[in-house]
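In case you want the letters, here they are:
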Amino acid sequence: MEDTRTSPEGVQTPAQTEAADYLRSLLNKNLRVTTTDSRMFWGAFKCTDPESNLVLQHTYEYRHPSMQKQAEGSAAAAAASGATATPGSSVAQTFKMDMTSRYLGLVVVPGEHIVKIELEEFASQMKRGPQYRSPTEL
Amino acid sequence: MTMAEDEGTTMSNEFLGLSINNPNLFYTDEPPPPPPMVSSEGIIATDITRKFAAAAATLAPGELVKDGHFTLFESVGALEIMDPKMDSGCLAPGESLDEEYDVARHLLPSEVLGIIDQLLSLEMAWHLGYPLSQTLLTNVYIEAILMPAPATIDEADFIRNRNDGAPRDPMFAVLRAYCLGLLKSCWYVCERIKFEHYYEEEDFVTNTYHRSLLDNIDRDLIRDELMAARSILHNIRRTISEEMAQALGFRLELRTAFLRAIELSELRSNPESLSLPWSQMKAVWEPINKSHHLGSPVPKAFSTKIQRKLASTMPPRPIVHLSFEETYEHFRKLFIDGIDVLKVLNYSDSQSLLNFVLTFQAQKPQPLVYIRTLLQTFLFKDMIILGHLSIRYVIDDDLAIVVLPCSRLLDPSNDDIEVPYDPRYAMAHQMELFRQRAAQSYLDIFRAFCQNRCRVRRTLYHAIQDWETVQMDAMAIDRLLQVQLEEKPIFYQPSLFVSEEVAPEPAYSLPLSSWALLYKLRLMEWIVQLGFELETYQPDELAGMYWYLGHLAKTRGQLVERIKAFTMHRRANHRLPLTPAMEAQYERSLAYLRVTMLDAVATWEFSRVLSCMYTVLLRLKLIVPPPRPYSTDALRYEIRMKPFLSITLPELPTIEAFTQGTTQPECSTASLIECASNAIGGARKSFDVLGKLSEQDAFAVDTHERWLRGTKNCFKSIIAASIAISNLSDGTKGGVEGGEGLQVVVPKPDKGYHEWWIVPKITQKR
């Protein structure tokens with residue numbers, strides 16, 4: 001690939017057009033965006049720019065329980081299973097905790113704080129039709 | 001006849017447009033979309049991090065990929081994640097989301113008192129318009145009670161999973177009971193306010209951030225907890241000191257009484273019995289204030305961190321700090337207003353009711369929004385006025401007072417006539433049409449005055465348009481009814497404020513349209529007067545606005561004179577001798593016309609005084625208009641008079657008439673001063689007579705004290721004005737060029753004696 005930037009005349013290269021098409025195809029789809037502080041934001045993709053700053057609508061924030069809460073949860077799970085625990089089982093390691101969530105609405109996630117972007121799709125829809133492939137995968 | 005039905009809804013629409021139906025960017029309390037299932041069989045998440053970043057990187061600088069329906073304007077409201085100022089979830093390095101405060105830690109009695117007093121301040125801050133997120137929901141005990149939402153009274157505790165049967169620590173029991181009582185009363189307050197008309201961004205934030213304020217827990221159970229906590233205090237009074245036990249006990253008593261007051265207010269019955277809990281609160285409030293020093297504050301029990309757990313699009317905001325002195329004052333006023341507002345339930349007559357609402361709302365500071373919504377509930381709930389009167393009853397009472405004493409039109413037995421060609425059948429039918437047309441507009445006046453002062457003025461703009469059409473429809477009905485009543489025209493000659501003799505012309509009484517016009521005129525005067533109160537006009541505009549107010553008051557005076565002439569005529573020409581009851585009705589109506597006339601004349605005269613004074617001050621350049629490079633007198637006149645532009649009666653004066661009336665170029669400065677000094681005598685006399693009226697004659701039953709205070713303040717304003725005039729007269733003895741030795745201050749509305757009368761302070765320069 002030679003030059004992926006807009007040429008001085010403002011003409012877009014095919015690679016640029018395709019990249020923009022790809023981003024457009026994601027619009028209004030639900031993304032899960034993980035930030036550097038390991039929170040996750042779930043919302044509908046509305047807008048982005050060259051720095052990958054993301055605007056998400058109807059966003060929920062998800063946060064892993066704090067270490068303290070995890071320890072408490074683990075202890076509680078161990079205690080609960082203690083009565084019926086069979087020797088050798090390791091319940092304490094496999095207990096489940098819900099991520100705490102809250103509704104935030106419209107948010108901007110700056111590109112610099114993003115560590116992961118995931119696209120949510122229905123399994124049923126993924127099977128149908130050819131999947132889009134980005135220029136880098138071609 | 002044209003019944004402009006769609007017009008009739010104008011003002012109701014204004015109310016519908018209130019923020020209750022208008023979700024706001026920050027405070028929106030509408031339920032968010034359901035949370036997603038993070039792990040679900042049917043949904044597959046693909047990592048597109050690199051693909052996305054690579055694609056985005058190819059965009060040109062400044063280029064955006066965005067959804068067509070999404071505007072950048074919207075994005076202004078978006079929260080920026082990881083920005084500590086915007087993102088309430090953003091943690092400082094090493095910071096934990098969890099509260100470090102342990103709600104199970106032992107509390108001293110003084111600490112419980114300190115926490116309760118802080119909660120009192122925050123509760124008041126909420127009443128004053130701050131959101132719960134910055135007030136009560138910053139308290140760790142409250143958060144622990146509310147989250148996770150308790151399903152039973154036993155779960156409603158900041159210490160969950162207690163061993164059943166083990167008694168609570170006494171101090172925990174007290175604090176918990178207090179918090180339960182507090183939260184439940186907040187729930188009721190919030191529901192009451194949401195049910196009535198208020199302005200979300202200006203008056204009150206009803207958002208509870210998806211915290212349920214114990215709405216599913218029965219009030220009686222909470223009352224039991226409060227009672228139990230009080231008996232615990234009684235038992236331990238020796239250990240924690242009598243004084244401390246009493247101080248905490250008063251605070252619990254306050255909560256019990258508040259819940260009781262709310263419970264009783266639903267009844268809308270006898271004000272004396274309803275006021276008991278309010279009096280109780282007022283009584284315990286003083287000792288609460290005096291025992292405040294016993295508490296020791298626990299600042300750690302309040303944290304803005306809790307905001308991170310609230311469903312909110314708000315960036316984190318600081319805790320609102322209200323001093324205990326301010327808290328004391330506001331609560332004191334709340335309890336006094338709580339007692340006072342109940343008196344509205346004592347209905348005497350429609351005009352006293354209106355005066356009650358007017359004077360109650362004119363208080364400075366205005367009653368809190370909770371009290372204002374309580375007033376609305378008393379007035380309108382279920383379309384039954386004050387809990388026992390039909391709308392028809394109140395309107396007919398008003399018509400009888402203002403224009404139709406002893407009129408056949410208001411005879412309820414007309415309804416029973418079933419013969420269509422009987423005139424009474426037509427009367428009943430037409431009157432019912434009229435009531436249907438006018439009822440909403442009439443009630444909206446009361447509703448409008450229950451809003452905050454700025455909104456009152458704005459709402460009245462719409463109201464006068466509405467009354468314009470009511471008046472036209474009333475005119476059509478008047479014409480039909482005068483046929484049914486076989487009314488003969490009388491030769492009516494107006495005399496009041498008329499400069500040249502007008503030949504008497506045959507005229508009909510037109511009672512319904514006169515009634516509508518009278519209200520419209522009052523509304524128009526109120527708009528101008530509220531303009532003074534709200535500092536809408538610049539000092540150099542006061543001459544003109546007082547001139548216009550005088551013009552309106554004069555028109556009202558002429559109308560009242562006309563109504564009175566027809567009432568007198570009808571009284572003198574009754575077919576049958578008047579019964580004592582009928583005499584009394586006539587007397588009542590004439591008393592009303594008298595007080596209205598006095599008020600109109602006083603307003604007219606005093607407006608004339610002030611208009612002349614301000615004109616002189618402008619001439620002497622003692623008031624200098626600010627530079628207005630992009631404005632002209634004509635443009636300013638248009639904008640000021642915009643609300644009145646579409647009113648046909650009274651027609652808006654032309655700018656020429658306005659300029660002429662304001663500047664009075666034909667009058668010398670000396671004669672203007674003399675004119676003001678003459679007019680002030682008339683105004684003074686009118687206010688003096690008004691001030692001596694009994695509460696019945698003033699139509700201020702149950703609100704006479706407040707009404708009288710307002711009238712007395714007008715009188716004081718007049719005294720201030722006469723002093724100003726004599727100073728002005730002394731200072732200008734040297735001729736037109738005089739006035740250099742004078743100093744003029746135009747005071748703020750709240751610095752004078754009455755907000756509606758801005759009297760300039762004129763003094764000799766030292």
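Residues numbered from 1 in each chain as written. Chains lettered and ligands numbered in written order. Predicted model: local features only at pLDDT ≥ 70, side-chain atom pairs only at ≥ 80, totals over all residues. Heavy atoms only, no water.

- Labelled according to an unreviewed UniProt entry, chain B appears under the name Mak10 subunit, NatC N-terminal acetyltransferase-domain-containing protein, originating from Podospora appendiculata.
- Under the Subcellular location (unreviewed entry) heading, UniProt states for chain B: "Cytoplasm".
- The UniProt entry for chain B carries the following text under Sequence similarities (unreviewed entry): "Belongs to the MAK10 family." (UniProt positions renumbered as here; feature names shortened; annotations may be inferred.)

- As annotated in an unreviewed UniProt entry, chain A is Sm domain-containing protein from Podospora appendiculata.

### Some details on the overall build of chain B
Part 1: Assigned secondary structure in chain B consists of 25 helices and seven strands.
Part 2: A burial count over chain B gives 54% of its 766 residues as buried.
Part 3: In chain B, the proportion of contacts linking residues at least 24 apart, taken out of those at least 6 apart, comes to 79%.
Part 4: Accessible surface, chain B as shown: approximately 33700 Å² in total, 56% of it carbon and sulfur. (Helix = DSSP H or I, 4+ residues; strand = E, 2+ residues; numbered from the N terminus. Buried < 20%, exposed > 50% of the residue type's maximum accessible area, 1.4 Å probe, protein only. Contact = heavy atoms within 4.5 Å. Areas by Shrake-Rupley, 256 points an atom, 1.4 Å probe, with all protein chains shown as cover.)

### So, the side chain of B:Arg706
Residue and element names in this part refer to chain B.
Part 1: Mapped onto the elements, Arg-706 comes out in helix α25 (residues 704-731).
Part 2: Exposure remark for Arg-706: the relative accessible area of 12% places this residue in the buried category.
Part 3: With residues up to four places along the chain from it excluded, the contact list for Arg-706 reads Asp-340, Phe-356, Thr-359, Phe-360 and Gln-363.

### Remarks on the pattern of salt bridges
Part 1: Within this structure, the stated rule accounts for 53 salt bridges over all chains.
Part 2: With a shortest N-O distance of 2.8 Å, B:Lys333 and B:Asp337 are connected by a salt bridge. Here B:Asp337 and B:Lys333 lie together in helix α12 (residues 324-342), a separation of four residues that amounts to about one turn. Residues B:Lys333 and B:Asp337 agree in their burial class; the two are buried.
Part 3: Ionic contacts of the salt-bridge type, sharing partners, join the residues A:Asp37, A:Arg39, A:Glu61, A:Arg63, A:Arg102 and B:Asp87 into one network. (Salt bridge = Lys/Arg side-chain N within 4 Å of Asp/Glu carboxyl O.)

### Overview of the nonpolar core
Part 1: The biggest cluster of nonpolar side chains holds 215 residues, and the ones touching the most others in it are B:Trp278 and B:Trp515.
Part 2: The element that contributes the greatest number of residues to this core is helix α20 (residues 580-619) of chain B, accounting for 17 residues.
Part 3: Looking at which domains feed residues into this core, each of domain 1 (109-322) and domain 2 (412-764) of chain B supplies at least three.
Part 4: Apart from residues lying up to four places away in sequence, B:Trp515 is in contact with B:Asp398, B:Leu399, B:Val402, B:Val403, B:Phe434, B:Ala438, B:Tyr442 and B:Trp467.
Part 5: Grouped together as the second largest cluster of nonpolar side chains are 27 residues, A:Leu104, A:Val109, B:Leu79 and B:Met82 included. (Core = buried A, V, L, I, M, F, W, Y, C linked by side-chain atoms within 4.5 Å. Domains from an automatic or database assignment.)

### Thoughts on the confidence of the model for chain A
Part 1: This prediction gives chain A a mean pLDDT of 74; 62% of its residues lie at or above 70.
Part 2: Under a pLDDT of 50 for its full length, residues 128-138 of chain A has, in the predicted model, 10 contacts with residues more than four places off or in other chains. (pLDDT = per-residue confidence, 0-100.)

### Focus: the packing of aromatic side chains
Part 1: For the structure shown, the criterion picks out 35 aromatic pairs over all chains.
Part 2: Sitting above the plane of the B:Phe356 ring, B:Arg706 keeps its charged end 5.0 Å from the centroid. (Phe/Tyr/Trp six-rings, centres within 6.5 Å; stacked < 30°, edge-to-face > 60°. Lys NZ or Arg CZ within 6 Å of the ring centre and 35° of its normal.)

### Things to note about the interface of chain B and chain A
Part 1: Tallying the contact residues gives 55 residues for chain B and 62 residues for chain A.
Part 2: Between chain B and chain A, a total of about 5000 Å² is buried, with carbon and sulfur atoms accounting for 63% of that surface.
Part 3: For the pair chain B and chain A, the interface holds two salt bridges.
Part 4: We note a salt bridge from B:Asp87 to A:Arg39, for which the minimum N-O separation is 2.6 Å.
Part 5: Between chain B and chain A we count 15 residue pairs in polar contact (both at pLDDT 80 or more) in total.
Part 6: Those elements giving two or more residues to the side of chain B that touches chain A turn out to be β1 (43-47), α2 (49-57), β2 (65-66), α3 (72-75) and β3 (79-80) of chain B.
Part 7: Ranked by the residues each element gives to the side of chain B that touches chain A, the list is headed by α2(B), at eight residues. (Buried area = accessible area lost by both parts, 1.4 Å probe. Polar contact = N/O pair within 3.5 Å; in protein donor to acceptor, adjacent residues only side chain to side chain.)

### A word on the environment of B:Asp218
Part 1: In this structure, B:Asp218 sits in the loop between α6 (170-195) and α7 (219-235).
Part 2: Linking B:Asp218 and B:Lys184, residues 34 residues apart in sequence, is a C-alpha distance of 8.9 Å.

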